[in-house]
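Coordinate inspection notes
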2 protein chains.
Amino acid sequence: MAVDFQAIIANLSRHTEFNPAELAQFTSQLTWRQAARRDCLLRAGQPTRKIFYGLSGALRAFYVDKTGRESTIMFAVADWWVTDMYCFVNAQPAMLTIEAIEYSHYLELTKSSLEQLYLTVPKFERCFRILFQNAYTREQLRVIENLSLTAEERYLQFLKKYPQILPHVTQKQIASYLGITPEFLSLIRKNQRQKSIAQK
Amino acid sequence: MAVDFQAIIANLSRHTEFNPAELAQFTSQLTWRQAARRDCLLRAGQPTRKIFYGLSGALRAFYVDKTGRESTIMFAVADWWVTDMYCFVNAQPAMLTIEAIEYSHYLELTKSSLEQLYLTVPKFERCFRILFQNAYTREQLRVIENLSLTAEERYLQFLKKYPQILPHVTQKQIASYLGITPEFLSLIRKNQRQKSIAQK
DNA sequence: AGCATTAGTTAATCTACCTTAACTTTTTCT
DNA sequence: AGAAAAAGTTAAGGTAGATTAACTAATGCT
């Protein structure tokens, strides 16, 4: 089985230069997997030992509250890393569920492999420092938007920021990312349509 | 001026072991400063070249939207790092303002010093990788809470998670962190008081 | 291909939280 | 210490977004 690591290698190499031996050591730790629609990569309550990298299709990480309501934390299409990072880092049972939205390919890396890589190839520290830095600033922007924008503005931001995600997700899933009901998103879209007609 | 670097050294050493030379190199890049109440460490629109580390007192990072409403992004009491990280990392004019809530001491580190440190002492990559990892997971938890909890539940979480911040901040500032009005927080607190009386 | 499930729409009613405003209490600054 | 500013409280009225429900359209599954 010749797995194509080009995408993940290109992703890492955006931040740090690795030599072939280092890359080989990295890729030797990856497991290539596929998931059918609705397959779970991680289930709330289970140990969080792996981090995932999307190759094709789309994954969704979500939280289910005590009343059963889902909040989508992130979508991961090709070239996105995803896991329940809090529980991964702190070795706790997952709070999030990660599910394939559609038939997907992805790579899997265990926590112990990653920790090994940090120690044997310190450049991975730099690489992941930058990944975490980006992840942090992205979440911080989301907090700002959640605090300061209306649902409609958040929806428009989402369309603008994540056009590559749109073809993979339903409105219901977008609504649960924005923190609103699908019914209300439907209303927002109706209003948008009327505004765009009025423009003409 | 003999500045006390014990606190920041202890903070770094939680994640990585440094030798005295490395620590000296680090501390040589720090500037010790004090700020009076309402002094700005960073002003929206200005270059974001510095990261701050609280020693005493309390700092507040907030966003002001187009209507003039403030959203508090974070508080930084002793031993917290703070800056407008998105703009710091991407070398953009600040979106956030960082202000001293009360008379405070803090340390300042420039972006270029930090980048120099990453290159000359790679252990700092590890150290900041862990700091960013923690910052990311903290923000992600906040996103989950903002999406899935009511204002009252968020308030109770805040009290529980950040008891060390409470003595430094007003209710108005807490409200702007939670994304509600001070009037509504006042109502929540009134309801809480009545519940705690009913308990007896 | 066709049935069952799920997604999306629309509308009426409801509620968590906002706005405004008038007031009291606390804090800050000189 | 005392005036001025800011923080906090209370209450009436308003609005963004939730809930429920009934329906239509699209999609997935055998």
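That block above? That's the structure.
Fair warning: this is a prediction, and the values are worked out from it, not measured in the lab.

About the cut-offs
Residues numbered from 1 in each chain as written. Chains lettered and ligands numbered in written order. Predicted model: local features only at pLDDT ≥ 70, side-chain atom pairs only at ≥ 80, totals over all residues. Heavy atoms only, no water. Near = heavy atom within 4 Å. Polar contact = N/O pair within 3.5 Å; in protein donor to acceptor, adjacent residues only side chain to side chain. Helix = DSSP H or I, 4+ residues; strand = E, 2+ residues; numbered from the N terminus. Nonpolar A, V, L, I, M, F, W, Y, C, P; charged D, E, K, R; others polar. Contact = heavy atoms within 4.5 Å. Buried area = accessible area lost by both parts, 1.4 Å probe. Salt bridge = Lys/Arg side-chain N within 4 Å of Asp/Glu carboxyl O. Pairing = 2+ DSSP bridges. Axes fitted to C-alpha atoms, helices over the stretch in contact; angles between N-to-C directions. Least-squares fit on C-alpha atoms with pLDDT ≥ 70 in both. Left-handed = near helix turned anticlockwise from the far one by under 90°.

The full set close to DNA strand C counts 15 residues, and Q171(A), K172(A), S186(A), A151(B) and T181(B) are the nearest of them. At the protein interface, 81% of the atoms of DNA strand C within 4 Å belong to sugar or phosphate. Within the side chain of S186(A), one N or O atom sits 2.8 Å away from a phosphate oxygen of DNA strand C. Ranked by the residues each element gives to the surface near DNA strand C, the list is headed by helix α8 (residues 182–198) of chain A, at 4 residues. Its residues assigned to classes, the surface near DNA strand C shows 3 nonpolar, 6 polar and 6 charged.

A separate point is the interface of chain B and chain A. On the side of chain A, 39 residues touch chain B, which itself brings 39 residues to the contact. Around 3600 Å² of area is buried between chain B and chain A when both sides are counted, 68% of it from carbon and sulfur atoms. At the boundary of chain B with chain A, the tally comes to 6 salt bridges. With its nearest N and O atoms 2.5 Å apart, the salt bridge here joins R126(A) to E125(B). Put simply, chain B and chain A have 8 residue pairs in polar contact (both at pLDDT 80 or more) between them. Sorting the residues of the side of chain B that touches chain A by element identifies β5 (70–76), α3 (85–89), α4 (111–120), α5 (123–148) and α7 (171–178) of chain B as the ones contributing at least two each. Top element by residues in the side of chain B that touches chain A is α5(B). It accounts for 18 residues. Along the lines of polarity and charge, the residues of the side of chain B that touches chain A split into 20 nonpolar, 10 polar and 9 charged.

Moving on, we come to the sheet that holds strand β2 (residues 40–42) of chain A. Residues and elements named next belong to chain A. On the basis of which strands lie adjacent, the open sheet formed by 4 strands has the order β2-β7-β4-β5 and antiparallel pairing. Both edges of this open sheet fall to β2 and β5 (70–76), since each of them pairs with a single strand only. Sheet twist, expressed as the mean angle between neighbouring strand axes with direction ignored, is 30 degrees. Two elements, strand β4 (residues 59–64) and strand β7 (residues 96–100), share 5 bridges in a ladder whose sense is antiparallel. Within the sheet, the bridge partner assigned to Y63 lies in β7 and is L96.

All right, on to the protein's contact with DNA strand D then. Among the 16 residues in the neighbourhood of DNA strand D, the closest are listed as A151(A), T181(A), Q171(B), K172(B) and S186(B). Here the atoms of DNA strand D within 4 Å of the protein split so that 82% fall in sugar or phosphate, with bases taking the remainder. The contact in question runs from a phosphate oxygen of DNA strand D to an N or O atom on the backbone of A151(A), over 3.1 Å. In this structure, K190(B) approaches DNA strand D through a side-chain N or O atom, which is 3.3 Å from a phosphate oxygen. At the level of secondary structure, the elements contributing two or more residues to the surface near DNA strand D comprise α8 of chain A together with α7 and α8 (182–199) of chain B. The biggest single contributor to the surface near DNA strand D is α8(B), with 4 residues. Of the residues assigned to the surface near DNA strand D, the class counts are 3 nonpolar, 6 polar and 7 charged.

On to the relation of the copies chain B and chain A, then. A rotation about some axis, followed by a shift along it, carries one copy of the chain onto the other. When chain B is fitted to chain A, the residual RMSD is 0.0 Å, and the transformation amounts to a turn of 180 degrees plus an axial shift of 0.0 Å. A rotation of that kind, with that shift, is consistent with a two-fold axis. Both copies share a contact surface, since 100% of the interface residues of chain B are interface residues in chain A too.

Turning next to the packing of helix α6 (residues 151–161) of chain B against α7(B). All names here are of chain B. Between α6 and α7, the least distance of the axes is 10 Å, while the angle of their chain directions is 115 degrees. Read as a crossing pair, α6 and α7 show a hand that is right-handed. Contacts between α6 and α7 involve R154, Y155 and F158 on the former and, on the latter, I174, Y177 and L178.

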